[in-house]
Amino acid sequence: MKIVAADPAPGPATGPNPASRPVNKPAPSKPKSPPEKPSQHREVPTDVTRAGMIWVAVSAGLVLLVLLIIFILQNQDRVTVYYFGAAGELSLGMALFIAAVAGGILVAIAGAARILQLRKQRRHPPAGPPAAPANGTLPGPATTGRHEPTPGQ
């Protein structure tokens, strides 16, 4: 089998030999999009601000409050609630609201305890064994420069 080197421009001595020319396949063309027209107005980047986040949070809170008021008003049946031997009568909607608030307080207490734990851990990292150097050797007399006396010196 004879290997022929590709010659981009054959000379007069070699002649037009299709086997010695590289095959140039056209690349698939992308559909052309129309050129973009310059915009009349520039888009101003909008950054998220604290005031914007507070506005969204307050708005969402107000929507939830309206839904909660509707829930309480539609559940006005009187029920007897027992808690640690105490008994009381109140509307079903109010009893469920009190239960939800108590559950939220418990979750907030657990979350606050975890946040305080993480802050304390960040300020005072736990003491552990020293990390080994990158070369894999442990520090000793030869690497630390300290001389430890041998017995009898």
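Residues numbered from 1 in each chain as written. Predicted model: local features only at pLDDT ≥ 70, side-chain atom pairs only at ≥ 80, totals over all residues. Heavy atoms only, no water.

**Q** I would appreciate a short explanation of a nonpolar patch on the surface in the present structure.
**A** A surface patch of nonpolar side chains, amounting to about 620 Å² of accessible area, comprises Met 94, Phe 97, Ile 98, Val 101, Ile 105, Leu 106 and Ile 109. Position of Ile 109 among the secondary structure elements: in helix H2 (residues 92–123). According to the relative accessible area criterion, Ile 109 is exposed, its value standing at 54%. (Patch = residues over 30% accessible without salt bridge, like charges linked within 9 Å, V, L, I, M, F, W, Y side chains within 5 Å. Areas by Shrake-Rupley, 256 points an atom, 1.4 Å probe, with all protein chains shown as cover. Salt bridge = Lys/Arg side-chain N within 4 Å of Asp/Glu carboxyl O. Helix = DSSP H or I, 4+ residues; strand = E, 2+ residues; numbered from the N terminus. Buried < 20%, exposed > 50% of the residue type's maximum accessible area, 1.4 Å probe, protein only.)

**Q** Could you clarify how one ought to interpret unusual backbone geometry in this entry?
**A** Negative phi characterises most residues that are not glycine, and trans characterises most peptide bonds. With phi around 50°, Phe 84 is a residue other than glycine that occupies positive phi space. Within the secondary structure, Phe 84 sits in the loop between strand S1 (78–83) and strand S2 (86–91).

**Q** Is there a simple way to think about the pairing of S1 in this case?
**A** Each regular strand carries side chains that alternate between the two faces of the sheet. By the criterion of burial, S1 is predominantly exposed, with just zero of the six residues buried. Direction of pairing for S1 relative to S2: antiparallel, over a ladder of six bridges. Bridged to Val 79 within S2 is Leu 90. Connecting the antiparallel pair S1 and S2 is a turn made up of two residues, with Phe 84 showing a positive phi of about 50°. (Pairing = 2+ DSSP bridges.)

**Q** Explain the side chain of Ser 91 here, please?
**A** Mapped onto the fold, Ser 91 is located in strand S2. What makes Ser 91 buried here is its relative accessible area of 8%. For Ser 91, the residues in contact, after removing those within four places along its chain, are Asn 75, Gln 76, Asp 77, Arg 78 and Val 79. (Contact = heavy atoms within 4.5 Å.)

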